Every structure is written in C-alpha cells, then in structure tokens.
Amino acid sequence: MTLHPAPLARPELTLDLPVLGFGAAAIGNLYAAVEEGVAARAVEAALAAGVDYFDTAPHYGFGLSERRLGAVLPATARISTKVGRRLVPVSEALSRGERHGFVDAEPFEPHFDYSYGGVMASFEASLERLNRDRIDLLMAHDLGRETHGDEHPYRLKEFVEGGYRALTVLKSEGRIGAIGLGVNEWQAAVAVLDHVDLDVVLLAGRYTLLEQTALDSFLPLCARRGVRVIVGGPFNSGALVERPDASRPLHYNYAPASQEICTRVAALQSVCDDHGVPLPAAALQFPMAHAQVASVIPGLADPGQVDDAVRWRDTILPAALWRDLRMAGLLHPDAPTPDERPHP
C-alpha cells in the first residue's frame, strides 16, 4: 500500500475546550430512546453549567444527535462532529426499533466512506443538520482493525489518500478549525499518525481509571507530535458509574463485563469508599490530569446526568486517594493524577 510519508513534528495546537464536555451519542438514542424534550433540556442544562463543548457524529442516531444539537445550540457553543460514513435513506418502517445500537433513529442507513467526495458530502450534510456554516473540530470516525477487520488496510488508505485531503482543504478554507480522528482503538490513531499530521484524537474508553494502556506508546507519541487528546467514554460504558446488583451486571465496552473487569472495578470502588468519595468522580477527573488531554466527554442523556457530571467534576478528591490507588497497583506507573495539577 502506498501512503504519504510521516510528517515532521510541529507546534502543538492550542484547543480552547472546557475540561468537561458533552458526549452526544446518548441523545442520538444510543441503546435507549430519549424524548426530544429531555434531549433539549440536557443540552440546555449543560450550557447553563458552563459546559459549552459538544461532540456528535452522523452515526449517532443517523443524524438524530446532530439535528437535536442544531435545534438548541447557540452559535457560540463549540462542536465537533465526524466523517467516514454516508447516510443513505431508508423507509420509515425500516428505521423503527434498534439498528447498530440506536433505537428509533432517523430513517437512514450508515455506509462507510472515507473518500474525498464522501467526506465532503458528509461534512455538508452535517452543517445542515447542525445549522452551522463552520465546525470547530472535524474527525474521521471509527478507523481501526477492530471495526473494519480485513478491510482495515483499504479503509486506512482510502482516508489517508482521500478523506484526509478533504479535511486539509476544509481547514485551509477556514470551514473547520482542527482535524483529527474519533476512535475506540489507539492503535488506529498510531497507524494514521505514521502517515499524516493531526491536531487531535478523540479516544473513547482507552484512557480511563480502568484501562491505561494508552500510556505505553500512544500518549507519549501525541506529546512528541503535538497532538491533543479528547477522552471519551471515561466510565467505560458504565463500569465505573454503575452500582452492580444481582439483577443487573456491570457493562464494559458496551457488553456485560468479564469477571476480571468486575474484580478490578470492585478494587477501585473499595479504595474510593475508604476515602468517602464517589468512584465516578475519580473516574471523571483521572484522565483530566494528563497534559495532552484537552477535554473529557462523558455521554449525557438527560439533565440529571449533566448535574451528576458537573458535581463529579467539582468534587475535591484527597491526594491520599491517588496514593492508595497507586499502591494497590490500580494506576499505571506513568499515570499523572489530579493532585499533581491545579483543580479545574
């Protein structure tokens, strides 16, 4: 496969984002339908709390999340969306129920397309749904071997030689502010960074209180290359915010958690209980401590979840908590902790 050579390091982009952002997959009816009014009130609650960065994608409810944000957000709010899928119309009858994890979504079917034309068309459609003429951050969505399997090399080439060029054109025209990737696999970001330059990577679920392998190579690479990181999925699909009981298992990576994950969560919970602090507060604040992390964006579906996230962001956590987590072997040796930087 012929790809562009890796670029030289460049000065780091300054991303003016709040430390807490709003992940908008949930208001695209991820796994459960959210009423229109509830979604609007969640966005309004975030704005009222000073949370003015929202991340969405055409895939989230097949346009539903973008449309709902476009109906409520003021022009001053910062927004990121994604490219890499075309939305093809389907009948209303076929759109009912759950498809690709989204319930009662818009009448479209997503198809992967990282080509120049596909990215341009996706971007224009997103602008229309979002009622905007410019996007702050535009990211290629879901590149990676876990997503694409044997098609991964083809999709990587399609993006590097096609879609990436579209992103650079849009940025040069001032229609987007920054370019990047939105992925669940940090390995996919490393593969892309072997060939092109990026401003930001939105990494979901791979740098959390529960999982810190991104510290081994990905985050140091971002530091060397001046790439900022947005952390999605800080609760690992619920594992770090759910209280398990006999009738409801913990969830991790959108599936029931293994016994190994349950054991590790229980250990984290025990240390937090010893210090009288909520586990979700520690989980939300932990990734905020890394110097490359520009924002952390939990998925939020209603005003109550917004209030919880703001409260957990503002909870003062004792330095002894992080000391005890490290002594228990629950933190990567290189993991920075919130007590090492000023509280946001």
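Here, every reference points to the structure presented above.
The sections below set out a description of the structure shown in this document. On a predicted model such as this, the values are computed, not experimentally measured, just so you know. (Residues numbered from 1 in each chain as written. Predicted model: local features only at pLDDT ≥ 70, side-chain atom pairs only at ≥ 80, totals over all residues. Heavy atoms only, no water.)

Next up on the list: the overall build of the protein. What the protein contains, in helices and strands, is 12 helices and 14 strands. Computed over its C-alpha atoms, the radius of gyration of the protein comes to 19 Å, within 12% of the 20 Å expected for a compact globule of 344 residues. Counting only C-alpha atoms and orienting by the principal axes, one finds that the protein spans roughly 55 × 50 × 40 Å. Expressed as a percentage of its 344 residues, the buried residues of the protein come to 57%. (Helix = DSSP H or I, 4+ residues; strand = E, 2+ residues; numbered from the N terminus. Rg over C-alpha atoms; globule rule 2.2 N^0.38 Å. Buried < 20%, exposed > 50% of the residue type's maximum accessible area, 1.4 Å probe, protein only.)

Pairs may arise between side chains of opposite charge once their charged atoms sit close together. For the structure on display, the rule yields 21 salt bridges. R155 serves as the salt-bridge partner of E151, at 3.5 Å between the closest nitrogen and oxygen. Residue classification places E151 among the partly exposed positions, given a relative accessible area of 42%. Of the charged contacts in the structure, one is a salt bridge between K157 and E161, with a shortest N-O distance of 2.9 Å. (Salt bridge = Lys/Arg side-chain N within 4 Å of Asp/Glu carboxyl O.)

Here we come to the environment of A239. Position of A239 among the secondary structure elements: in the loop between β11 (228-232) and β12 (251-252). Taking the C-alpha atoms as reference points, A239 and Y254, separated by 15 residues in sequence, lie 9.5 Å from one another. Contact partners of A239, with chain neighbours within four places excluded, come to L210, L250, H251, Y252 and V265. (Contact = heavy atoms within 4.5 Å.)

This brings us to the nonpolar core. Formed by 96 residues in total, the largest nonpolar core has its most connected members in F22, F159, L209 and F218. The leading source of residues in this core is helix α6 (residues 152-172), at seven residues. With residues up to four places along the chain from it excluded, the contact list for F218 reads W186, A189, V190, V201, L203 and V229. Ranked by size, the runner-up nonpolar core spans 11 residues in total, among them L15, Y53, A294 and I297. (Core = buried A, V, L, I, M, F, W, Y, C linked by side-chain atoms within 4.5 Å.)

What follows deals with the packing of helix α7 (residues 186-193) against helix α8 (residues 218-225). What describes two packed helices is the angle between their axes and the distance between those same axes. Remark: α7 packs on α8, axes separated minimally by 10 Å, with the N-to-C direction vectors making an angle of 35°. Seen from above, α7 lies across α8 with left-handed handedness. Mapping the contact onto sequence places W186, A189, V190 and L193 in α7 and F218, L221 and R225 in α8. A breakdown of the residues in the contact of α7 with α8 according to their chemical character gives six nonpolar, no polar and one charged. (Axes fitted to C-alpha atoms, helices over the stretch in contact; angles between N-to-C directions. Left-handed = near helix turned anticlockwise from the far one by under 90°. Nonpolar A, V, L, I, M, F, W, Y, C, P; charged D, E, K, R; others polar.)

Let us look at the pairing of strand β14 (residues 293-297). Burial runs high along β14: five of the five residues are buried. Examined bridge by bridge, β11 and β14 share four bridges and lie parallel to one another. Paired with G232 across the two strands is I297, which belongs to β14. (Pairing = 2+ DSSP bridges.)

What follows deals with the packing of aromatic side chains. Within the structure shown, the criterion is met by eight aromatic pairs. Seen from their ring centres, Y60 and F102 are 6.3 Å apart, and the 35° between their planes marks the pair as tilted. Residue Y60 is located in the loop between β2 (53-55) and α2 (64-72), and its partner F102 is located in strand β6 (residues 102-103); the two are separated by 42 residues in the primary sequence. The class of F102 is buried, set by a relative accessible area of 3%. Centre to centre, the rings of F159 and Y164 are 6.0 Å apart; their planes meet at 80°, and the pair counts as edge-to-face. (Phe/Tyr/Trp six-rings, centres within 6.5 Å; stacked < 30°, edge-to-face > 60°.)

Distances and angles like these do not, on their own, reveal function.
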